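# Residue-level structural notes
Each chain, letter by letter, is given below.
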Amino acid sequence: MQITTRKTGHSGTGHMKTLKHVSLEERCNRILRDMEGSLTARDRVGIQDFVLLDAYTSESAVLDNLRKRFNENLIYTYIGTLLVSVNPYKELGIYTKKQMDIYMGVNFFELPPHIYALADNVYRTMLTETNNHFILISGESGAGKTEASKKILQFYAVSCPSTKLLDNVRDRLLLSNPVLEAFGNAKTLKNDNSSRFGKYMDIQFDHMGGAVGGHILSYLLEKSRVVHQNHGERSFHIFYQLVEGGEEDLLRWLGLERNCQRYSYLVQGECAKVSSVNDKSDWKTVRKALSVIEFSESNIESLFAIIASVLHLGNVTFVADSQGYATLNNSPEIHWLSKLLGIPAQVIQVGLTHRKIEARSEEVLSPFTVDQAVYAKDALAKAIYGRTFTWLVNELNESLANKDSSRKTVIGLLDIYGFEVFSVNSFEQFCINYCNEKLQQLFIQLTLKSEQEEYEMEGIEWESVPYFNNKIICDLVEEKFKGIISVLDEECLRPGEATDMTFLEKLEEKMGGHPHFVTHKLADQKTRKTLERGDFRLLHYAGEVTYSVVGFLDKNNDLLYRNIKEVMRQSKNAIVKHCFPSTEPDSKKRPETVATQFKSSLVGLTEILMSKEPWYVRCMKPNEGKQPGLFDDVLVRHQVKYLGLMEHLRVRRAGFAYRRRYEIFLQRYKPLCPDTWPNWKGTAAEGVECLVKHLGYKPDEYKMGRTKIFIRHPRTLFATEDAFEVCKHELATRIQAKYKGYRVKGDYMRQRQAATKIETCWRGMKARREREKRAWAVKVIKRFIKGFMTRNQPACVDNTEYLAFVRQNYLTRLKENLPKTVVDKNTWLTPPPIMQEASQMLRKLYTRHMVRRYVQGIMTERKAQLQIKGLTSSIFKGTKENYPHSVGIPFVDTRISEEDIHIKVYQMIRQERIKYSVPVVKYDRNGFRPRFRQLIYTGSAAYLVEEAKIKQRVEFNNLKGVSVSTLSDNFLILHVQCEDIKQKGDLVLQCDYLFEALTKLCLVANKHNFIKVVQGSVKFDIQPGREGFVDFKSGQETMIYRAKNGHLMVESTRTKSRAMIQN
Ligand SMILES: Nc1ncnc2c1ncn2[C@@H]1O[C@H](COP(=O)(O)OP(=O)(O)OP(=O)(O)O)[C@@H](O)[C@H]1O
Ligand SMILES: [Mg+2]
């Protein structure tokens, strides 16, 4: 596994500090979020802590809860601080670095159950309390004990402080595992990597929490596996690893072939290959580990020489000679054994076929039968392997040892075989179950002790707990002189024909009547049926187990003949030499039996554990088939029982189901009571008291300890928790509302501040602008006034601007007040003095401009008309008073249309071409009677027409002139040349279109200056030689009459504007 550790210096700031600092805030968040996760998650995924199970005495309820959680891939559940783990048989992705981080430095109950939570809690307790701890991992084969212990070790490898030195220790601790597993684990029917020894490993920590060393104790290696394996099982991994993975050179040197089938010790189970095990790569791991752990090359060589020797030994075969004694041909195996162990072949040969017996004072060699030789050979193989394993553990310890004598605290990991029951149970099961019985005893003592201590510490009266104390069974097995082991030893040692059956009889003799011991003979009728004759049954705390006595004596004796030991002592192989020391007690004193050794080692273990604080991991397997997702109720129920979970739960629940520090309890539930919410002023204990009173807890439902509240039933707690759930939502809404209000208010305040600021700035800016504007205005006004005062002086600094202004102002105004027409002579702005000249020039220019524009704008016809008008003007302008009125009235071609001229007249004058006609009033020359006539001009004459009659024709040649008055009348007098009397005289006419008619006449007659504008009176010829007069005068109204003097008096009103007339 690739391990990355959190780098925190190993001095100064320690792990604890780092934990505190790094995650304080995060921890607070977590506490709020996840605290008492066991309570909040209880519905969906069962209960996270069995202690909170109401039906805690019901095995089925426990089973249901386990199943519910297992189906959700939740393999861990607590019983208080004990962790129950169900092997998932699949990768769950819950052992990542991230997961480790989550669990680092978090209180036990804050997060869902996990092996890391337990590991972390143990570690932190150790650091804060500076005491020693152990974690007991138990469970049957394949339940996941070794995996659990590795997970714990990996957690420490990551979470502990790291330095170069510490990393070295860490690597050794981690790598000791693959080495131990190679030599001590094997494939069994239950587990492809089954630990065939019990392991207790101490991890030593310095006061800063750095892992500084370790120590391993091994228990009862199943060495019989070296020579025999059941069908479907293998020997220890290392043999296969060497054969499969060993380098060619090495194999050659060891005399091995790369073929497991060649070695009889490897094929007993007919299962040399295991799909889940990769021997080749495991070999590499082990080789690497050995060098990291700093095994010397020579030791490594010796080690493999021993492994190879065992394989060669296994292939040694004996043949019976003529007397039936076992002989050895000089077989190649002996040659390799001799080479690898460094013992002369001959010596080995003798050693394997003879035993030394004492005859009086002499020692003689007695030859073996073939069976005896095979037995002795196997015993040797087992002994060599077993002792080498012990040596290996010692070497590992040597490598892990911390030489520094400073004070250390330790966490022990006990990965030990759990309770075992097979259809046939033998000596091994007896030892294993005895071991579990001892551990159960230890557990009861420690748990009760700690419970009692807690009650004492909290000042709560201790209530006696009803539980089963298994001391009676422990005594049954181990008691001196009386116990089963003593009887067994006695049987093994006594002279005479001791057999397994005599051992059973002795047991019956001694144990008869013991409530936990029964045999076929002792049993009642009913029980007897379930027992064989060679069986004895123990009623263990976890259940009944029937043992078959067959092999008990042999296995207990574990006999190795003295002379073969002596042979081994001669070995040149350093390890073998070390394993068979010359100081070993000699023949006279029988070596300790296996059971007694085991018993003493368990006593030693118990002592080690008793001095430490216990933590438990109980591993279970969900099915026998190593299948993921399959939960076998019967199997799990069996384990629940055998692991003593119900016992544990009962002890743990004996008094109070739940206990928590006041602070934590109050922190969580304070919203439930108005007095404690939001803040309690007094001590936490008082707060809790107040809170539970408010919640209506009955006096027997809880107890107040010194630092903790104890709640008897889970239902009380759940009711509280449910109330809290409801309350939480209300609170959340309130907090949300408050918070929103606070946020909005904050926003509003900020906006208001911002608005005020903007306003201030804006006002300031406006004021500044205003001030600037005023200052500017003052300057401008001053300049203006100065300019005004000096406006008449010659241009100077003071007045230039003013004058420019005056000019511009005048010009601007002028632009808007220009005369609209040429004739508008009055509209022109009076210029200021300095603009007089310019104004005049402009006026002239503008007039010209208007004229030009006007002229350019007029049409040809109009032009012609205007020319005529010009002619009129040249004649009458300034001479005749009513001329100006006529100026605006346009001239037309003719005033009488051709249809209105009588046809006769028209026909008569048509040839001459009618140029113009106009209605006139003709005044008779005599009497001045007015007559309406038409005046028609042709190309050569003017005609006076009355209807169809031409009254008078005046040739233009005969027209002497025309007279008009200066006044406003419309009279014209045509002076005609008269040669004879018959001819009519001059014509006195009145015409409304006087100026038009006269101008036309000038043009038609082509006579331009024959019109006379006469003042006063006009003389005219009535007929040649006879004269008449027309007098003109101005009067009040227009009147025409014959005056007394016989003149025609024409009075006309004065035209109003003289000026206009002049213009
Ligand atoms: N937490 C786990 N997650 C996934 N697989 C697991 C877990 N624990 C155990 N296993 C699987 O179960 C197998 C057996 O586990 P392990 O070797 O730890 O059992 P054990 O209790 O030590 O058995 P034994 O008593 O035989 O040594 C492992 O090889 C692994 O495949
Ligand atoms: Mg194991």
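In short, a report on the structure. (Residues numbered from 1 in each chain as written. Chains lettered and ligands numbered in written order. Predicted model: local features only at pLDDT ≥ 70, side-chain atom pairs only at ≥ 80, totals over all residues. Heavy atoms only, no water.)

The next thing to look at is the packing of helix H31 (residues 860-876) against helix H34 (residues 994-1005). Where H31 meets H34, the axes come as close as 10 Å, and the angle between the chain directions of the two elements is 100°. With respect to each other, H31 and H34 are oriented roughly perpendicular. Facing H31, whose interface residues are Ile868, Leu871, Thr872, Ile875 and Phe876, H34 presents Phe995, Leu998, Thr999, Cys1002 and Leu1003. Grouping the amino acids of the contact of H31 with H34 by side-chain chemistry returns eight nonpolar, two polar and no charged. (Axes fitted to C-alpha atoms, helices over the stretch in contact; angles between N-to-C directions. Helix = DSSP H or I, 4+ residues; strand = E, 2+ residues; numbered from the N terminus. Parallel < 35°, antiparallel > 145°, perpendicular 65-115°, else oblique. Contact = heavy atoms within 4.5 Å. Nonpolar A, V, L, I, M, F, W, Y, C, P; charged D, E, K, R; others polar.)

Attention shifts here to the pattern of salt bridges. Oppositely charged side chains are able to pair whenever their charged atoms sit close together. Going through the model one piece at a time under the given rule, you end up with 58 salt bridges. Two residues, glutamate 881 and arginine 1054, come together in a salt bridge whose shortest N-O distance is 3.6 Å. One end of the pair, glutamate 881, is in the loop between H31 and helix H32 (883-887); the other, arginine 1054, is in the loop between strand S31 (1048-1053) and helix H35 (1058-1062), with 173 residues separating them in the sequence. Shared partners join several salt bridges into a network, and the residues in it are Glu140, Lys190, Lys621 and Glu624. (Salt bridge = Lys/Arg side-chain N within 4 Å of Asp/Glu carboxyl O.)

Here the focus is the coordination of the magnesium ion (ligand 2). Looking at the metal site, the magnesium ion (ligand 2) is ligated by Thr146 (OG1) and Ser195 (OG), spaced 1.9 to 2.0 Å from it. With a gap of 49 residues between them, threonine 146 in helix H6 (residues 145-159) and serine 195 in strand S5 (residues 194-195) connect regions that are remote in the sequence. The class for threonine 146 is buried, based on a relative accessible area of 12%. Classification of serine 195 as buried rests on a relative accessible area of 18%. (Donors = N, O, S within 2.8 Å, 3.2 Å for Na, K, Ca; no water. Buried < 20%, exposed > 50% of the residue type's maximum accessible area, 1.4 Å probe, protein only.)

All right, on to the packing of aromatic side chains then. Here the structure, examined in full by the defined rule, presents 40 aromatic pairs. Ring geometry for phenylalanine 430 versus phenylalanine 536: centroids 6.2 Å apart, planes at 75°, classification edge-to-face. Placement of the pair is phenylalanine 430 in helix H15 (residues 427-458) and phenylalanine 536 in strand S14 (residues 535-540), with a sequence separation of 106 residues. Taking the centre distance of 6.3 Å and the plane angle of 70° together, the rings of tyrosine 434 and phenylalanine 598 count as edge-to-face. Placement of the pair is tyrosine 434 in helix H15 and phenylalanine 598 in helix H23 (residues 594-610), with a sequence separation of 164 residues. Under the relative-accessibility criterion, phenylalanine 598 is labelled buried at 3%. Taking the ring centre of phenylalanine 788 as reference, the NZ or CZ of arginine 791 above it sits at 3.9 Å. (Phe/Tyr/Trp six-rings, centres within 6.5 Å; stacked < 30°, edge-to-face > 60°. Lys NZ or Arg CZ within 6 Å of the ring centre and 35° of its normal.)

Here we come to a nonpolar patch on the surface. A cluster of nonpolar side chains, namely Ile781, Phe784, Ile785, Phe788, Met789 and Phe805, defines an oily patch on the protein surface of about 590 Å² accessible area. When residues of the nonpolar patch are assigned to their parent elements, the largest contribution, five residues, is made by helix H28 (residues 714-789). Tracing the sequence through the fold places phenylalanine 784 in helix H28. Residue classification places phenylalanine 784 among the partly exposed positions, given a relative accessible area of 35%. (Patch = residues over 30% accessible without salt bridge, like charges linked within 9 Å, V, L, I, M, F, W, Y side chains within 5 Å. Areas by Shrake-Rupley, 256 points an atom, 1.4 Å probe, with all protein chains shown as cover.)

Taken together, 17 residues form the shell around ligand 1, and within it Ser141, Lys145, Thr146, Ser194 and Ser195 come nearest. Considered on its own, ligand 1 offers 620 Å² of accessible surface; in the complex 85% of this is hidden by protein. With three residues, the single largest contributor to the shell around ligand 1 is H6. Grouping the amino acids of the shell around ligand 1 by side-chain chemistry returns four nonpolar, nine polar and four charged. (Near = heavy atom within 4 Å.)

Looking now at the nonpolar core. Of all hydrophobic cores here, the largest spans 120 residues; its most connected members are Ile135, Tyr156, Phe183, Ile238 and Phe239. Here this core takes 14 residues from helix H14 (residues 370-400), the largest share from any one element. Sequence-distant contacts of isoleucine 135, that is, excluding residues within four places in its chain, are made with Leu118, Val122, Ile152, Tyr156, Ile411, Gly412, Leu413, Leu414, Trp615 and Val617. With 95 residues, the next largest nonpolar core counts Tyr219, Val477, Val688 and Tyr697 among its residues. (Core = buried A, V, L, I, M, F, W, Y, C linked by side-chain atoms within 4.5 Å.)

Mapped onto the elements of the fold, isoleucine 47 is located in the loop between helix H2 (37-40) and helix H3 (59-71). On the accessibility criterion, isoleucine 47 (13% relative accessible area) is buried. Separated by 22 residues in sequence, isoleucine 47 and arginine 69 have C-alpha atoms that sit 8.2 Å apart.

Every buried residue of helix H24 (residues 633-642) is listed here: Leu635, Val636, Gln639, Val640 and Tyr642. In this structure, the buried side of H24 is in contact with H3, strand S15 (543-548), strand S16 (613-620) and helix H25 (645-653). Near the N-terminus of H24, the side chain that reaches the backbone nitrogen of valine 634, with its oxygen 3.0 Å away, is that of aspartate 632. Directly beyond the C-terminal end of H24, a positive phi value near 70° is found at glycine 644. (Polar contact = N/O pair within 3.5 Å; in protein donor to acceptor, adjacent residues only side chain to side chain.)

Here we come to the packing of helix H5 (residues 115-129) against H6. The interhelical angle for the contact between H5 and H6, taken along N-to-C directions, is 55°, at an axis separation of 10 Å. Compared by their axis directions, H5 and H6 come out oblique. Both H5 and H6 take part in a crossing whose hand is right-handed. Of H6, the residues touching H5 (which contributes Ile115, Tyr116, Ala119, Asp120, Val122 and Tyr123) are Ala148, Lys151, Ile152, Phe155 and Tyr156. Residue composition of the contact of H5 with H6, grouped by class: nine nonpolar, no polar and two charged. (Left-handed = near helix turned anticlockwise from the far one by under 90°.)

Across the two faces of strand S1 (residues 76-79) the burial is the same, with Tyr76 and Tyr78 and Thr77 and Ile79 all buried. Here four bridges tie S1 to strand S2 (residues 82-86), and the two strands are oriented antiparallel to one another. Within the sheet, the bridge partner assigned to threonine 77 lies in S2 and is valine 84. Between the antiparallel neighbours S1 and S2 lie two residues, among them glycine 80 with a positive phi of about 65°. (Pairing = 2+ DSSP bridges.)

With that out of the way, let us pick up the sheet that holds strand S13 (residues 517-519). Taken in spatial order, the three strands make up an open sheet running S13-S14-S15, and their pairing is antiparallel. The sheet is open, and its two edges are formed by S13 and S15, each paired on a single side. On average, adjacent strands in this sheet sit at an angle of 25° to one another, irrespective of strand direction. Bridge analysis of S13 against S14 gives three bridges, and the strand direction is antiparallel. Note on S14: the bridge partner recorded for threonine 519 is phenylalanine 536.

With six of its seven residues buried, strand S24 (residues 959-965) lies for the most part within the structure. Remark: five residues form the turn of the hairpin made by S24 and strand S25 (residues 971-976), two consecutive strands paired antiparallel. Where S24 meets strand S27 (residues 1011-1014), four bridges bridge the pair, whose relative direction is parallel. When the sheet's bridge partners are listed, serine 965 is paired in S27 with valine 1014.

The next thing to look at is the environment of arginine 537. Looking at the secondary structure, you find arginine 537 in strand S14. A relative accessible area of 8% means that arginine 537 is categorised as buried. For arginine 537, the side chain forms a polar contact with the side chain of threonine 546, separated by 2.9 Å.

The subject of this paragraph is helix H16 (residues 471-478). For an α-helix, 3.6 residues make a turn, and residues three or four places apart therefore share a direction. Residues of H16 that are buried: Ile473, Cys474, Leu476, Val477 and Glu478. Where H16 is buried, its residues contact H15, helix H17 (484-493), helix H18 (500-511), S13, S14 and H23.

The values reported here are purely geometric and, on their own, carry no functional implication.
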